[in-house]
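Here is how the chains run, residue by residue.
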Amino acid sequence: MTANTSSHVQPGSSITLSCQLKPQQHSKQCRIAIFFNSSERNSSYSSSVSTRFLVHTYGKHMFTCKILCEYGKKLICGIDIESGNPPDEPRNVSCVQHGTDGHPICTWDKGRLTYINTTYVVQLSNGTDVLYISEESLDTRFGSLALSKLNFDSTYTIVVAASNELGSAFSQPLVFMLIDIVKPHPPKFSVEFEHSSATNCTLSWHDEAQAQLCRLRYRPLTRHAWSMVENVQGEKCSLYGLEPYTTYEFQLSCKIHPKQGLWSNWSTYQNRTPEAVPTGVLGVWYRQQDVGSQQQNISLFWKALSKSEARGRILQYTVTFKALDQQSPVAEAHLTTQTSYARVMPRVNYKITVTAENSRGRSPPASITTDLGIQDLPPPQEVSAIAMGNSSILISWKPPISTSASISGYIVEWADTHRSLEPHPAWVKLPASNLSTVIAEHVKDEVCYQISVFALYQDRAGRAASVKGYSIAKAPSAGPQMYTTPHANGILVSWEAIPAQQQRGCITGYHIYLQKRDRQADPRVHAVSSATAQRSLHITDLQPGEHYVLWMTASTPAGEGPGGNSELICLENAGEWMAVVLTCSLFLFSACMCSMPPARKALHSLLTILVPQWQSKAIPDPANATWAKNYASVKAELRWPSSLFLPSASTFEEPEPTQVEEALVKDRALLSSSGRQGRGDWALQSSRGHEEPRYEPVPSTADGEVCEQQLPDLYRRMVEEEPTGHTQNVPEYIANPSTSTAPPCLPLGAGTAEDLPELECHALSVFPTTCLTPVFPYGGNLTLDAVKINCSSFTR
């Protein structure tokens, strides 16, 4: 197998490959083929075959010649072609010896990759002899070679030669002396600060090669730029004007000869300068709130000094109050480690100073004067807030109207309108020349902020001019929660504020929609501006009996949000409301009148005239009854000895049951309910079996349930029935009239009006009446063993 080129070519070359078989190896049943990396390129049934191949890539290309028969393949021969580049000229040839006792090392840039084997040889000549040294580095980009020791008196020339199958190249000669290529080791040095001044320091170093020239650079760690000090001779250097309490990075480099040789690598040292007395003046702001009529709460807050102003670690702050209304004011000093301070003080004007203190001293005092009467100090004009996006707001204003006091600056403060409990707002102090600022500290998108601008008149703050602002706003994500209440000839609509996270900006106004339930007409819209700060609206001109649907939305500068809850309302007719009002008024008037005795008496007289005459008929006096007159005539007959009725302990026998028939000669209705259980002058208890009768004491009226009763013309006829059916005559009358002259108790509910012809029951009575309970708790038959008779009523 042959090729028309060498075994090394460059990309883009065209190669013609041929394969020739010997006569004894040729067979007509087999064919000969050329393969490239196992891929068949061309074949023939003759004894030779050829193909053309265009090289596109770098690297090795393998071509083979094979015989292809039915029984398999057979490799005949092959050839490899490598594609690469000739070497570039070596560039940037340099030689360096680290320290005075080292060996020189030469390096160079090989250029582009060759992709084929390339050798590099260094030719070192001192004018008389030439030394060839082959590179041993395997780096494909850079070459390096270590030389033997050289002497300081000779001048050397170095040339780097590169060669491969495609060509060769030589570098430019490098001519040098040993002192030109010696690079000292980085020097070791130290830094000392002066105790009297925190801004000065001294650097000291020592180099083993006795360097004759050095250079120095330094910077604070927070900066990128270096401060350079060139041509430093000797082994010491002083620096001035450093920043106190700042960490610095110092670097030092040296070389052996002022005009020849190489600079050493930089050696590094870091240290922090000492503290110094603070120079910055604190920016102080305050808020004043009355606590009663004699005291006030003064809240102070200030911004911490910057690092360059603090010049050390601030240990504490001193707050001094000095009353201005006293002839010999005494300053009160208070210490705190916070950047705010609050104190309740008498309600007078104060001059307040605040200082910051570190280990070296105090800062200049920042003073501010609290003034209870600031009405004479006008506020800035035309304050506006423009949304800038990206959590920032542009605040601009115009100076206050002309005043005799000069303006020393402005204070801009801002706070989330929904976070009124924050300890203090965000704020910034600006010089008098600034009439605008962009606030970004503690500002979030879709949040409404209350922004106030104050003018500072020397140390006094004037009145504030306020405006609401936002960085980015969107339409509210929800509507207000609405409530409706009937009011006068319409309805009173009130609502709650939308939650802060759903407002998504500053609310500019509300829209209340009122539409009839049939939705045949467009809804009426009532607009309410948020500038009025009201959360209610009285809507009139509603048709009674008509049903309305009511809903409400809120708006921001970005648009109108969705509606909140809806209400279905309907006003009642005026006639129905009037009837309800009159009824309630009459009821309340009657209750009030009846609760006062004079009014109650007058009302009773009025009712007496209006009601029928039978309703006002007088109740008969029982003292004039017939039984009372007969009682005196029969009293002598009924005075029986009480001993006749008292049982004897020795001769008492159980009496036989005697049937008693009750008969009412007069006022029969009084006993018509004797079947009910009641209490009277007699306490009765039924006797069962042959038990000895027990007599309960007569309950007094103190029990709350028993009403003293008088029984007018009460007579009982007792009929004793014998077993044979004969009756025995007994005394016709048994009476137990009460000797009390108290007025009788009338029965209530014992019978109907028809049963009481003489004692009518008044259905309409303003004053309460006494209730009379039934006398007997038993049925129609009454036995004497169940009767307790008070014998003191009988005469002898």
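Residue numbers here run from 1 along each chain, matching the order of that chain's written sequence. Restriction of local features to residues with pLDDT of at least 70 applies here, the model being predicted, together with a cutoff of 80 or more for giving and counting side-chain atom pairs; totals for whole chains, interfaces and linings are based on all residues. Where side-chain values are given, they derive from all heavy atoms of the structure, hydrogens and water being excluded.

**Topic: the overall build of the protein chain**
Okay, so step 1: When its secondary structure is counted, the protein chain shows six helices and 50 strands.
Okay, so step 2: With 796 residues in all, the protein chain has 35% of them scored as buried.
Okay, so step 3: Intrachain contacts of the protein chain at a sequence separation of at least 6 include 66% that bridge at least 24 residues.
Okay, so step 4: Surface exposure of the protein chain reaches about 46,600 Å², of which carbon and sulfur atoms provide 51%. A helix here means a DSSP run of H or I that spans at least four residues, while a strand means a run of E at least two residues long, and both kinds are numbered starting from the N terminus. Relative accessibility thresholds used throughout: buried, under 20% of the residue-type maximum; exposed, over 50%; partly exposed, between the two (1.4 Å probe, protein chains only). In this description, contact between two residues means that some pair of their heavy atoms is separated by no more than 4.5 Å. Per-residue accessibility takes into account occlusion by the displayed protein chains alone, with areas from the Shrake-Rupley method and a 1.4 Å probe.

**Observations regarding the packing of aromatic side chains**
Okay, so step 1: Any two rings among Phe, Tyr and Trp, with Trp reduced to its six-membered ring, count as a pair given centres within 6.5 Å; such a pair is stacked if its planes are under 30 degrees apart, edge-to-face if over 60, and tilted if neither. Within the structure shown, the criterion is met by 19 aromatic pairs.
Okay, so step 2: An aromatic cluster of three or more residues is present, and its members are F36, F53 and F63.
Okay, so step 3: Directly above the ring of F35 sits K66, whose terminal nitrogen or CZ lies 4.8 Å from the centroid.
Okay, so step 4: A ring is scored as having a charge over it whenever the NZ atom of a lysine or the CZ atom of an arginine sits within 6 Å of its centre and within 35 degrees of its normal. Above the plane of the ring of W427 lies K303, whose end atom (NZ or CZ) is 4.9 Å from the centre.

**Observations regarding the confidence of the model for the protein chain**
Okay, so step 1: Per-residue confidence from the predictor is given as pLDDT, running between 0 and 100. Chain-level statistics for the protein chain give a pLDDT mean of 77 and a share of 72% at 70 or above.
Okay, so step 2: Note on residues 660–780: pLDDT under 50 across the span, and 176 contacts to partners over four residues away in sequence or across chains.

**Observations regarding the sheet that holds strand β2 (residues 8–9)**
Okay, so step 1: Two strands form a pair only when DSSP identifies at least two bridges running between them. Pairing is mixed in the open sheet, where five strands are placed in the order β2-β8-β7-β4-β5. Because the sheet does not close on itself, it has two edges, and the strands there are β2 and β5 (39–44).
Okay, so step 2: Where strand β4 (residues 31–36) and β5 come together, five bridges link them in antiparallel fashion. Looking at β5, one finds that F36 is bridged to S39.

**Things to note about the state of the cysteines**
Okay, so step 1: For this text, the term disulfide refers to a pair of cysteine sulfurs within 2.5 Å. Taken as a whole and judged by the stated rule, the model has five disulfides.
Okay, so step 2: For C214, the disulfide goes to C254, at an S-S distance of 1.9 Å. One disulfide, between C214 and C254, carries an S-S torsion of 100° and so falls in the right-handed class. You can see C214 sitting in strand β20 (residues 213–220) and its partner C254 sitting in strand β23 (residues 247–255), a full 40 residues away along the chain. An identical accessibility class is assigned to C214 and C254; each is buried.
Okay, so step 3: The disulfide bridge from C448 ends at C506, spanning 2.1 Å between sulfur atoms. Disulfide C448-C506: torsion about the S-S bond near 100°, hence right-handed.

**So, the sheet that holds strand β32 (residues 381–387)**
Okay, so step 1: Spatial ordering of the open sheet is given by β32-β33-β36, a layout of three strands whose pairing is antiparallel. The sheet is open, and its two edges are formed by β32 and β36 (436–439), each paired on a single side. Strand-to-strand twist of the sheet, defined as the mean angle between neighbouring strand axes without regard to direction, takes the value 15°.
Okay, so step 2: Bridge analysis of strand β33 (residues 393–398) against β36 gives four bridges, and the strand direction is antiparallel. Bridged to I393 within β36 is I439. Note on geometry: axes are lines fitted to C-alpha atoms, helical ones only across the stretch in contact, with angles between N-to-C directions running from 0 to 180 degrees.

**A short note on unusual backbone geometry**
Okay, so step 1: In this model, N231 sits at a positive phi of 50°, which is unusual for a non-glycine residue.
Okay, so step 2: Along the chain, the position of N231 falls in strand β21 (residues 227–232).
Okay, so step 3: Owing to a relative accessible area of 56%, N231 belongs among the exposed residues under this scheme.
Okay, so step 4: Positive phi values are uncommon outside glycine, yet E446 reaches one of about 60°.
Okay, so step 5: Judged by its relative accessible area of 25%, E446 is partly exposed.

**Notes on the nonpolar core**
Okay, so step 1: Here, nonpolar core refers to any group of buried Ala, Val, Leu, Ile, Met, Phe, Trp, Tyr and Cys residues whose side-chain atoms link them within 4.5 Å. L282, W285, L300, W302 and F321 are the most contacted members of the largest nonpolar core, which totals 27 residues.
Okay, so step 2: Broken down by secondary-structure element, the contributors of at least two residues to this core are β25 (283–291), β26 (295–303), β27 (316–323), β29 (340–346), β30 (350–357), β31 (366–370) and β37 (449–457).
Okay, so step 3: Aside from chain neighbours lying at most four places away, what touches W302 is L282, G283, V284, Y317, V319, T336, Q338, T339, S340, Y341, V354 and W427.

**Things to note about the environment of Q450**
Okay, so step 1: Inspection of the secondary structure assignment puts Q450 in strand β37.
Okay, so step 2: For Q450, a relative accessible area of 30% corresponds to the partly exposed category.
Okay, so step 3: Sequence separation between Q450 and S466 is 16 residues, and the spatial gap between their C-alpha atoms is 7.0 Å.
Okay, so step 4: Ignoring anything within four residues of it in the chain, the contact list for Q450 reads E413, W414, A415, T417, S466, V467 and K468.

**Considering the environment of T247**
Okay, so step 1: Note on placement: T247 falls in strand β23.
Okay, so step 2: Taking relative accessible area as the criterion, T247 reaches 27% and is therefore assigned partly exposed.
Okay, so step 3: Sequence separation between T247 and N271 is 24 residues, and the spatial gap between their C-alpha atoms is 5.4 Å.
Okay, so step 4: In this view, T247 contacts R219, P220, L221, N271 and R272; residues no more than four positions away in its chain are not counted.

**Remarks on the side chain of T369**
Okay, so step 1: Relative to the elements of secondary structure, T369 occurs in strand β31.
Okay, so step 2: Not counting chain neighbours up to four residues away, the residues in contact with T369 comprise Y286, L324, Y350, K351, D459 and R460.

**Things to note about the pattern of salt bridges**
Okay, so step 1: Counted as salt bridges are all cases of a side-chain nitrogen of Lys or Arg within 4 Å of a carboxyl oxygen of Asp or Glu. For the coordinates displayed, the defined rule picks out twelve salt bridges.
Okay, so step 2: With its nearest N and O atoms 2.4 Å apart, the salt bridge here joins E243 to R223. With E243 in the loop between β22 (236–239) and β23 and R223 in the loop between β20 and β21, the pair connects residues that are 20 residues apart, well separated along the chain.
Okay, so step 3: By relative accessible area, E243 is classed as partly exposed at 27%.
Okay, so step 4: Note that E382 and K398 form a salt bridge whose closest N and O atoms lie 3.3 Å from each other. Here E382, found in strand β32, pairs with K398, found in strand β33; they are 16 residues apart in sequence, far enough to count as distant.

**Some details on the pairing of β25**
Okay, so step 1: Examined bridge by bridge, β25 and β26 share nine bridges and lie antiparallel to one another. Note that in β26 the partner of Q288 across the bridge is I298.
Okay, so step 2: If you look at the hairpin formed by β25 and β26, you'll find three residues sitting between the two strands, and G292 has a positive phi there, around 80°.

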